[in-house]
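Observations on the three-dimensional arrangement
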Amino acid sequence: MKFNKIAIGLVLVVMACSSNERETPKGIKFTMVREGEGRMGQPGEYVNLNLIFKDENDSIWNDSRSLPFPMILQLREESQNNPGFEEIVHMLNEGDSVTFQLTAKSLFEDTWEQPIPEGMDPESKFTFYMGVAEVMSDLRIREMEQEYIEKLNAEQMVIDGKKIDEYLAASNIEAQKTESGLRYIITKEGTGDPVAVGNEVSIDYAGYLLDGTLFDTSIEAVAKKENSSSTGKAFGPLTLQAGSGQVIKGWEEAVLLMKKGTKMRVWIPSPLAYGPQARSAIIKPNSILVFDMEMIDIKR
């Protein structure tokens, strides 16, 4: 009797294990580690993947947990899927976790469509541990991207703010700070009402890096003094419509602080300027910008 109970238990274990074995239409086998309760993604949607894979020497080639942004894959029509990796993803529901192996040939040539690294055995095995954390729409992707950008901007704002404040302290400059993080000093008070959104304004300016390097100016005398040809454009005040998004955020904010005749210097953290994008050979990613600005005219 005792033997029968053990035998039945073993049969149930074997049945449970075998039920976890799956196979893609093109014959790639994988094991279901955990079944989720979510839905299966449809072509055109996206999946947020948790992924770790390693080679036969136990060297980890990728671990999505170490990436700054989640690993996202857009689902394609089944007929477009590369054999192996994409096939398996297409068969998973939200919350599913699986493990599987792919040969170097299948991974590099079939999945990634690139040559196998020199010296690697095409039949060597890579082991994958993969889970679908979330099935996402276009809207959710945009939300995640925006959340990620805001996170990076907040982190960079702290870094830039510290650099600007250290510079101001070392230069004995007492600047005002806006809620956004812009620092400024008024060097000459203007007259009349401040600029309002929609006003057409004309502004003379000179733009520098925090170390004093001139990168652009509307004033010919400044360009000559700094031995610079500026950007090659004609000199003269820049005309724009306040609040229209024609210039960087730091400028948009600074303009609204000015009156006719106002002269000011502003220190603009990179998230209010060009952020992580290089603007030129001089303005590199995450550059803090400094502008001397003069309000020449305001048309209400």
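Scroll up to find the structure this text is about.
Keep in mind that this is a model prediction, so the values were computed, not measured.

**Quick word on the overall build of the chain**
Helices and strands together make up the secondary structure of the chain, namely six helices and 14 strands. For a compact globule of 300 residues, the expected C-alpha radius of gyration is about 19 Å, and the chain comes in at 30 Å, more than 25% above that figure. Classification of the 300 residues of the chain by burial places 38% in the buried group. Within the chain, residue pairs in contact and separated by at least 24 positions form 66% of the contacts whose partners lie at least 6 positions apart. Surface exposure of the chain reaches about 17,400 Å², of which carbon and sulfur atoms provide 52%. If you average the places of the 32 positive and of the 46 negative side-chain charges in the chain, the two averages end up 4 Å apart.

**With respect to the environment of tyrosine 129**
Here tyrosine 129 lies in strand 7 (residues 125-136). Since its relative accessible area comes to 39%, tyrosine 129 is described here as partly exposed.

**Brief notes about the side chain of serine 287**
Among the structural elements, serine 287 can be located in the loop between strand 13 (263-268) and strand 14 (289-299). Within the local environment of serine 287, its side chain forms a polar contact with the backbone oxygen of lysine 284, the two atoms lying 2.6 Å apart. Not counting residues within four places of it along the chain, the set of residues in contact with serine 287 comprises Leu209, Ile268, Ser270, Ala273 and Gly275.

**A look at the packing of aromatic side chains**
Throughout the structure, instances matching the rule amount to 14 aromatic pairs. Between the aromatic rings of tryptophan 61 and phenylalanine 108, the centroid separation amounts to 5.9 Å while the plane-to-plane angle is 70°, which identifies the pairing as edge-to-face. With tryptophan 61 in strand 4 (residues 60-63) and phenylalanine 108 in helix 3 (residues 104-111), the pair connects residues that are 47 residues apart, well separated along the chain. Tryptophan 61 gets classed as partly exposed once you look at its relative accessible area, which sits at 37%. Owing to a relative accessible area of 3%, phenylalanine 108 belongs among the buried residues under this scheme. Summarising the aromatic geometry, the rings of tyrosine 205 and tryptophan 251 are spaced 5.5 Å apart at their centres and angled 85° between planes, so their arrangement reads as edge-to-face. With tyrosine 205 in strand 10 (residues 200-209) and tryptophan 251 in helix 6 (residues 249-255), this pair connects stretches of sequence that are 46 residues apart. Take tryptophan 251: its relative accessible area is 4%, and that puts it in the buried class.

**Considerations on the side chain of serine 124**
Secondary-structure assignment places serine 124 in the loop between helix 3 and strand 7. When sequence neighbours within four positions are dropped, the list of residues in contact with serine 124 reads Glu56, Leu102, Thr103 and Ala104.

**Concerning helix 4 (residues 138-170)**
Its 33 residues give helix 4 an end-to-end C-alpha distance of 48 Å, which sits within 8% of 48 Å, the value for a rise of 1.5 Å per residue. Within helix 4, burial applies to Ile141, Met144, Gln156, Met157, Asp160, Gly161, Ile164 and Leu168. Of the surrounding elements, those touching the buried residues of helix 4 are strand 3 (46-54), strand 5 (71-74), strand 7, strand 9 (183-188) and strand 13. Immediately beyond the C-terminal end of helix 4, within one or two residues, lies asparagine 172, with a positive phi of roughly 55°.

**Concerning the nonpolar core**
Core analysis: the largest hydrophobic core is formed by 27 residues, its most contacted members being Trp251, Val255, Val266, Ile268, Leu289, Phe291 and Met293. At the level of secondary structure, the elements contributing two or more residues to this core comprise strand 10, helix 6, strand 13 and strand 14. Judged by nonpolar contacts, the second largest core, of 25 residues, contains Met32, Val47, Phe108 and Phe128.

**A few points about helix 3**
Within helix 3 the residues assigned to the buried category are Ala104, Ser106, Leu107, Phe108 and Thr111. One or two residues past the end of helix 3 sits glutamate 113, with phi positive at roughly 55°.

About the cut-offs
Residues numbered from 1 in each chain as written. Predicted model: local features only at pLDDT ≥ 70, side-chain atom pairs only at ≥ 80, totals over all residues. Heavy atoms only, no water. Helix = DSSP H or I, 4+ residues; strand = E, 2+ residues; numbered from the N terminus. Rg over C-alpha atoms; globule rule 2.2 N^0.38 Å. Buried < 20%, exposed > 50% of the residue type's maximum accessible area, 1.4 Å probe, protein only. Contact = heavy atoms within 4.5 Å. Areas by Shrake-Rupley, 256 points an atom, 1.4 Å probe, with all protein chains shown as cover. Lys, Arg positive; Asp, Glu negative; His and termini not counted. Charge placed at Lys NZ, Arg CZ, Asp CG, Glu CD. Polar contact = N/O pair within 3.5 Å; in protein donor to acceptor, adjacent residues only side chain to side chain. Phe/Tyr/Trp six-rings, centres within 6.5 Å; stacked < 30°, edge-to-face > 60°. Expected span 1.5 Å × (residues − 1). Core = buried A, V, L, I, M, F, W, Y, C linked by side-chain atoms within 4.5 Å.

These figures come from the coordinates and say nothing about function on their own.
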